[in-house]
Amino acid sequence: MVANHEEFLINEHDIPYEEELLRSPYSLRVWLRYIDHKRNGSANELYFVYERALNELPGSYKLWKQYLDIRRDTLKGLNAVRHKSLYSTVIALYERSLVLLNKMPRIWLDYLSLLTTLPMITKTRRSFDNALRALPVTQHGRIWDLYLQFAKAAGGETAICIHRRYLKLEPSFVENYIDSLIKLGHYDEAAIQLVKIVNNTKFASSRGKSHYQLWQQLCELAVDHCEDIKSVQVEPIIRSGIKRFTDQVGILYARLAMYWIKMAQIEKARDIFEEGITTVMTVRDFTVIFDAYAEFEEEMITTKMEMAAEREAAGEKDEDEDLDLDLRLLRFERLMDRRPFLVVETYTQAVQTINPKRAHGKLHELWAKFAKFYEDGDDVASARAIFEKAVKVNYKNVNDLAEVWCEYAEMETRHDNFDAALEVMARATQIPKLLSVNPKQVNFHDESIPVQQRVFKSLRLWSFYIDLEESVGSIESTKSVYDQVMDLRIANPQVIVNYATFLEENQYFEESFKVYERGIELFGWPIAFELWNIYLERFLKRYGGTKLERARDLFEQALDACPPKYAKPIYLMYGKLEEEHGLARHAMRIYDRATRAVADEDRMVMFEYYIAKATESFGIMASREIYERAIEALPDKDVRVMSLRYAELERKLGEIDRARAIYGFASQIFDPRTQPGFWKTWHDFEVQHGNEDTFKEMLRIKRSVQATFPSV
């Protein structure tokens, strides 16, 4: 029967290949040609050739890969249960191939990916294990990627076992392992794994979680599933977190109390709450614990009251339960009555314990919130007492003390005590009487001097004082504060502008101009540039041309020591003044001065402006002299532009010889190879206005100029 079957699978077209195989039965190339020939035949014929080839070459990866891919493709779209025999045949082929090709990861991956689509969990898991045993460890990553996908799909204990094995290869996978444990209800094992990673200071979360977030996850797990966790001692863990994460003490105390509540240890939970509200160092932590404590007591009382109502409805009495309810109500009332005292105690302990010079946080905010607590309770007198103590603290930074004084004054303004607020700021900015040096010589940043002796030079403090005076004070008192800032030489340019604007708004124009002058003297250049701009603009807006000589004096003062970098805008403003209110020739002299005084990068623009204004005021002929001086003064790159414009001007005026002379002069800086545009312009000019001699002269000059430039 086998012979008959073979005769059926071989036809007359196969004879040449069969004859060649008789001569070379172990030639892979011959078998592959035979296979290509059979691809157009039936599937059985193709399979028959593959089987024969593999019998001769059982270790050929290429033959096995092609054969397995073809057999696997036939399974696409087929139900694994209904066509179990077909799937079994292909699986058997893969297992045959792996007898000799067990070091080939691609074969394993194809085989395993096929198994993961079948309802054969145990066989699939064992096949993955076989692959890991057969392949070198460098190839395990490719297998594990697929293995983990299988574990996710399989779920249950299978997933746990797989994840536990993978953890040995890749410890960073522990977070996924923990998720699987929690999902399957293995809370004890999950807690053990979390304890390991939070105790490992070198652990880096693959999900970017901070160490505190991992700790918080452990606490949540321990509290939410306390009855299932036996291998981990929860209270010592949370208490170590309280010592470690000092900025989260309140949350951790609340979680510890919740743990004991869930463990039905009510009195133990109450002890934890009491410990927390009496030991925490911040109001935020106190609020967290107190709110949780109050909520716990309210829930207990609500439950007891519901039970009492049910007993009363049933006509039953339980004196012990009624007594317990009364005691809980009294305890709750006492707790709520204690809150203000507990808050004050927390603040008091905090400000007494913290060393101002070593504090890392914002100590001034602690004092401000302490005072705000009394203020919110309508006890402004006590809030003032707190601020009076706060301003005597030797803070690490002088700005902290300035903030305390500002908070003090703001509190007074919130209660419409404006006179008191002004008095507070006057005290804050008062120069200390014990200073042994001139106040102007006090170094604001000298850490060796107590902050109370330096705070009077805080611009933040003076700025608040100024704002307060402008809002609720008089004009004279506001001027006095501004003058003190100027005398102490701590004003910045914005203060100068604000002072001058304030005086101007109140019709003190001359005094506002003096403020600008003081500011210019105080700062010098380059800050003086901005002040001069504002000063001159507002002076001209006020007086226009009515005080022309004074305006000229101001402009001359501004330009006297002005660096070239800042000269251009002032010259333009000066020239505009003369154009509008003075004489045009004076304006031209100013523009002429500007072409010499401005920075090199502004000189070209200044010449262009000067030419435009001269042409506008005195006609086009007046620009000749300016063009000539520009060509002498400007760098080559600008001279090229200016020369062409000058020559074009002369051409329009009919001065052909003058234009030709300009072209001849400028030609020395135009390389014919790199600036052909100039030579084309001159060429066109000679064609239109010249003759044979002038054209030849142009060509001669072009050759001589080209010879002077180095060849590229």
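None of these values were measured; they are calculated from a predicted model.

Draft legend 1. View of the overall build of the protein chain. Within the protein chain one finds 36 helices and 0 strands. Across the 712 residues of the protein chain, 43% fall into the buried class. Across the protein chain, every contact between residues at least 6 apart in sequence was considered, and the portion connecting residues at least 24 apart equals 54%.

Draft legend 2. Here's a closer look at the pattern of salt bridges. Here the structure, examined in full by the defined rule, presents 23 salt bridges. Here Asp110 ties to Arg72 by a salt bridge, and the two come within 3.8 Å at their closest N and O atoms. One end of the pair, Asp110, is in helix H7 (residues 105-115); the other, Arg72, is in helix H5 (residues 61-73), with 38 residues separating them in the sequence. Here Asp110 falls in the buried class, since its relative accessible area comes to 9%. With a shortest N-O distance of 4.0 Å, Glu616 and Lys613 are connected by a salt bridge. Of this pair, Glu616 and Lys613 both sit in helix H31 (residues 600-618), separated by 3 residues, roughly a single helical turn.

Draft legend 3. A look at the packing of aromatic side chains. Applying the stated criterion to the full structure yields 16 aromatic pairs. Measuring from centroid to centroid gives 6.1 Å for Tyr482 and Phe502, while their planes differ by 35°, and the two rings are tilted. On the criterion of sequence distance, the pair formed by Tyr482 in helix H24 (residues 475-488) and Phe502 in helix H25 (residues 493-505) is long-range, its members being 20 residues apart. Side by side, Tyr482 and Phe502 carry an identical accessibility label, which is buried. Ring pairing ties together the aromatic residues Tyr47, Tyr50, Trp64 and Tyr67, which thus form one cluster. When the ring centre of Phe509 is taken as reference, the NZ or CZ atom of Arg542 above it lies at 3.9 Å.

Draft legend 4. Main features of helix H28 (residues 548-560). Relative to the 18 Å expected for 13 residues at 1.5 Å per residue, H28 spans 18 Å between its end C-alpha atoms, a close match to the ideal helical length. Buried-residue contacts for H28 involve helix H26 (509-523), helix H27 (527-543), helix H29 (564-581) and helix H30 (584-597).

Draft legend 5. Geometry of the nonpolar core. Judged by nonpolar contacts, the single largest core of 110 residues is most densely connected at Trp405 and Met642. Examining the composition of this core, we find that 9 residues originate from one element, helix H21 (residues 398-414), more than from any other. When sequence neighbours within four positions are dropped, the list of residues in contact with Met642 reads Met604, Phe607, Glu608, Ile611, Tyr627, Ala630, Ile631 and Leu634. Residues Leu68, Ile91, Trp108 and Phe150 belong to the second largest nonpolar core, which totals 94 residues.

Draft legend 6. Local environment of helix H8 (residues 121-134). For H8, with 14 residues, the first-to-last C-alpha span of 20 Å sits near the 20 Å given by 1.5 Å per residue. Buried residues of H8: Thr124, Ser127, Phe128, Asp129, Ala131, Leu132 and Ala134, and no others. Close packing links the buried residues of H8 with H7, helix H9 (140-154) and helix H10 (156-169).

Draft legend 7. Here's a closer look at the packing of H8 against H9. Where H8 meets H9, the axes come as close as 10 Å, and the angle between the chain directions of the two elements is 165°. On the basis of their axis angle, the class for H8 and H9 is roughly antiparallel. Viewed along their axes, H8 and H9 form a crossing whose handedness is left-handed. On H9, the residues touching Ile121, Thr124, Arg125, Phe128, Asp129, Ala131 and Leu132 of H8 are His140, Ile143, Trp144, Leu146, Tyr147 and Phe150. Residues that form the contact of H8 with H9 fall into these classes: 9 nonpolar, 2 polar and 2 charged.

Draft legend 8. Structural context of the environment of Val343. Tracing the sequence through the fold places Val343 in helix H18 (residues 319-353). Taking the relative accessible area as the measure of exposure, Val343 reaches 4% and is therefore buried. The residues touching Val343, leaving out its near neighbours within four places in the chain, are Phe286 and Phe373.

Draft legend 9. View of the side chain of Asp602. You can see Asp602 is positioned in helix H31. Buried within the structure, Asp602 lacks any salt-bridge partner; Lys568 is the closest side chain of opposite charge, at an N-O distance of 4.5 Å. Other than its neighbours up to four places away in sequence, Asp602 contacts Lys565 and Lys568.

Draft legend 10. Highlighting a nonpolar patch on the surface. Nonpolar side chains collect at one region of the surface, where Ile620, Met621 and Leu653 lie side by side and expose about 240 Å² of accessible area between them. If you trace the backbone, Ile620 turns up in the loop between H31 and helix H32 (623-633). Classification of Ile620 by relative accessible area gives partly exposed; the value is 34%.

Draft legend 11. Structural context of unusual backbone geometry. Backbone geometry places Asp416, a non-glycine residue, at a positive phi of 60°. Along the chain, Asp416 falls in the loop between H21 and helix H22 (418-428). Unlike most non-glycine residues, Gln507 shows phi in positive territory, near 70°. Looking at the secondary structure, you find Gln507 in the loop between H25 and H26. Note on Gln507: relative accessible area 57%, which makes it exposed.

Draft legend 12. Geometry of the confidence of the model for the protein chain. Scored by pLDDT, the protein chain has a mean of 78; 88% of the residues are at 70 or more. Long-range and interchain partners of residues 1-7, a stretch whose pLDDT sits below 50, account for 1 contact in this model, where long-range means more than four residues apart.

Draft legend 13. Broad picture of the side chain of His163. Here His163 lies in helix H10. Residues within four places of His163 in sequence aside, it is in contact with Leu148, Ala151, Phe173, Tyr177 and Ser180.

Thresholds applied
Each chain has its residues counted from 1, running along the sequence as written. pLDDT decides what is reported in this predicted model: residues at 70 or higher carry local features, side-chain atom pairs at 80 or more are listed and counted, and totals for whole chains, interfaces and linings draw on all residues regardless. To get the side-chain values, all heavy atoms of the structure are used, and hydrogens and water are removed first. Numbering of helices and strands runs from the N terminus; a helix is a DSSP stretch of H or I covering at least four residues, while a strand is a stretch of E covering at least two. Each residue is assigned to one of three classes by its accessible area relative to the maximum for its type, calculated with a 1.4 Å probe on protein chains only: buried under 20%, partly exposed between the two thresholds, exposed over 50%. Residue contacts are counted whenever heavy atoms from the two residues lie within 4.5 Å of one another. Salt bridge criterion: a side-chain nitrogen from Lys or Arg within 4 Å of a carboxyl oxygen from Asp or Glu. The criterion for an aromatic pair is that two Phe, Tyr or Trp rings (for Trp, the six-membered ring) have centres within 6.5 Å, with stacked assigned to planes under 30 degrees apart, edge-to-face to planes over 60 apart and tilted to the rest. Criterion for a charge above a ring: Lys NZ or Arg CZ within 6 Å of the ring centre, and within 35 degrees of the ring normal. Working rule for helices: expected span equals 1.5 Å times residues minus one. We call a set of buried Ala, Val, Leu, Ile, Met, Phe, Trp, Tyr and Cys residues a nonpolar core when their side-chain atoms join them within 4.5 Å. The axes used here are C-alpha line fits, helices contributing only the stretch in contact, and every angle between their N-to-C directions lies in the interval 0 to 180 degrees. Orientation is classified from the angle alone, with under 35 degrees giving roughly parallel, over 145 giving roughly antiparallel, 65 to 115 giving roughly perpendicular, and any other angle giving oblique. By convention the crossing between two helices is left-handed if the near helix lies anticlockwise of the far one by an angle smaller than a right angle, and right-handed if it lies clockwise. Under the grouping applied here, Gly and all other residues not named as nonpolar or charged are polar, the nonpolar ones being Ala, Val, Leu, Ile, Met, Phe, Trp, Tyr, Cys and Pro and the charged ones Asp, Glu, Lys and Arg. Note on charges: Lys and Arg go in the positive column, Asp and Glu in the negative column, and His and the chain ends are not counted at all. In this scheme, patches are assembled from residues that exceed 30% relative accessible area and form no salt bridge. Like charges are connected within 9 Å, while nonpolar side chains (Val, Leu, Ile, Met, Phe, Trp, Tyr) are connected within 5 Å. Method for areas: the Shrake-Rupley scheme with a 1.4 Å probe, in which residue coverage is limited to the protein chains shown. One number per residue, pLDDT, summarises how confident the predictor is, and it ranges from 0 to 100.

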